[in-house]
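Spelled out, the chains give:
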Amino acid sequence: MKIKPVRGTHDFFGQQVLKYRTIQDLISHYSAIYNFEEIITPIFESTELFKKPLGENSDVVLKEMYTFKDKNEDLLTLRPEYTTPMIRSAISNNLLEKLPKKLYGIGPMFRRERPQKGRYRQFNQINFEILGTHDISADIDLIILANNFLKNLLPQKKINLFINSLGDKNTLSNFRVSLGNYFKQNKEKLTEESQSKIVSNPIRILDSKDPTDIEINLNAPKISDFYSNEAKEKFSNIQTILKDMSVDFSIDMNLVRGLDYYCHTVFEFKTLDLGSQDTLIGGGRYDGLTKLLGGPDIPGVGWAGGIERLIMLMDDIKPLQKTIHLIIINESFKEYGLKVANQLRQKNINIHFDYKYNLKKSLSNANQLGARYAIIIGEEEVKKNLCTLKDLNKNVQEKKTIENIIKDLS
Ligand code: AMP
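Here is a short report on the structure shown in this document.

Cut-off values and rules
- Residues numbered from 1 in each chain as written.
- Predicted model: local features only at pLDDT ≥ 70, side-chain atom pairs only at ≥ 80, totals over all residues.
- Heavy atoms only, no water.
- Pairing = 2+ DSSP bridges.
- Helix = DSSP H or I, 4+ residues; strand = E, 2+ residues; numbered from the N terminus.
- Expected span 1.5 Å × (residues − 1).
- Buried < 20%, exposed > 50% of the residue type's maximum accessible area, 1.4 Å probe, protein only.
- Arc of directions from axis to C-beta.
- Axes fitted to C-alpha atoms, helices over the stretch in contact; angles between N-to-C directions.
- Contact = heavy atoms within 4.5 Å.
- Core = buried A, V, L, I, M, F, W, Y, C linked by side-chain atoms within 4.5 Å.

### Considerations on the pairing of strand 4 (residues 75-78)
Phase 1 of the analysis: In this structure, strand 2 (residues 44-46) lies alongside strand 4, joined through three bridges in antiparallel fashion. Each residue of the ladder has a partner; that of S46, found in strand 4, is L76.
Phase 2 of the analysis: Of the pairings in the sheet, the one linking strand 3 (residues 66-69) to strand 4 comprises four bridges and is antiparallel in character. Its bridge partner being in strand 4, K69 is matched across the sheet by L75.

So, in structure tokens, the structure goes:
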């Protein structure tokens, strides 16, 4: 029986694992510099955690959540995003007494989307969140953190930052009504998918990647016409500071983000190298969310980045340390060989043993794997308590004590 991976899932191996670890290390580095604490939450949560905050009419809730009933009829969902579980955890564990709280997390998310390049049903995200401040410095800090992280990870790639403001709650509700009316007037020209959103969630039509929808969106009402003075000022200050800090960005009035909880600043980092699934990092402000989840009435801002898309853009990574090939030329010297390998490994020397007990086969293996050195153990080595260290590049070899080999290789 040959069992295939589940549609929309994938395995990480070889280079992908090296790249995943590199991303993890870089994120640990940035979290330390920017003072974020890691939080690790369960992969499944109560369904109600996601339903209301993400929006009853959002694509994620309507179509994409992996929801199931536990044996005792509890409704559970595999987390489709990390912001709400992180806030839930901060509330459950009383982590919100001293504010602001800066949290980050890395792990798998689950959405039942149509799989394609850069879009999976299980994928990994990095999330950074700052809870408890209205200060636009937090928005700026998070944008700069993402910008620096991407520049460091993908120095050779052109990545564009787009920003927008969704204003406050009044902005959004007035905008929604006006947009709904505009789309009703142009209903026939929209795609079927967008038509179905006119009443339930017209803002999501602005997200459409379909050319016919994009055409209609060009003349749609603009959210900037509905900003309060405060929202206008906030957005303008953010732009001034980003410019002062030499961060390149463009304003995208149609940038609304997929989930219902956003307000004020929203932003996305995009690449031209990945086709339609081009957003690497997306985020924004979600001032009412913590209260909605039963916590204190505090604001929040954060971002999420997709690890699979970053891996697709990374150059191959050379393994840090070349292995040393252990060659035991006859099985009767096995015990001595294993002891030598153990001593070297305890000194953090990377030993590869292929269990072949055949000089010719092992040497050819070592060459294929690109090993620089081999340690050869035969009768004489065992008798004299030595090992032969062979430099495979220079094709020279010498018998040495283990202590001297450790010195040479360290
Ligand atoms: P979102 O939570 O939808 O704002 O997504 C944040 C980031 O996660 C995106 O910019 C992508 O990089 C990544 N992402 C979202 N959905 C998927 C998916 N289905 N497969 C792979 N990456 C994803």
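### Let's talk about helix 1 (residues 15-33)
Phase 1 of the analysis: With 19 residues, helix 1 should reach 27 Å at 1.5 Å per residue; the first-to-last C-alpha distance of 27 Å fits that figure.
Phase 2 of the analysis: Considered for burial, the residues of helix 1 that qualify are K19, Y20, I23, L26, I27, Y30 and S31. Looking straight down helix 1, one finds that the buried residues subtend no more than 135° of arc, so they occupy a single side. What points out from helix 1, more than 90 degrees from its buried face, is the exposed set D25, A32 and I33.
Phase 3 of the analysis: Backbone geometry just downstream of helix 1 places N35 in the positive-phi region, at approximately 65°.

### Remarks on the sheet that holds strand 12 (residues 324-328)
Phase 1 of the analysis: Read across the open sheet, the five strands follow the order 13-12-14-15-16; overall the sheet is mixed. The open sheet has two edge strands with one neighbour each: strand 13 (351-353) and strand 16 (396-400). Put simply, the sheet's adjacent strands are angled 25° from each other on average, direction ignored.
Phase 2 of the analysis: Inspection of the sheet shows strand 12 paired to strand 13 by three bridges, in the parallel sense. Residue pairing across strands places H325 opposite H352, the latter belonging to strand 13.
Phase 3 of the analysis: Helix 12 (residues 334-346) rests against strand 12, strand 13, strand 14 (373-377) and strand 15 (387-391) of the sheet, and its axis sits at about 155° to strand 13.

### So, the nonpolar core
Phase 1 of the analysis: Core analysis: the biggest nonpolar cluster contains 85 residues, and I23, I126, F149 and W303 have the highest contact counts within it.
Phase 2 of the analysis: Of all the elements, helix 5 (residues 136-153) adds the most residues to this core, at eleven residues.
Phase 3 of the analysis: Discounting residues that sit within four places of it in the chain, I23 has contacts with I126, F149, L153, I307, L310, I311 and M314.
Phase 4 of the analysis: Judged by nonpolar contacts, the second largest core, of 19 residues, contains V340, A341, C387 and I406.

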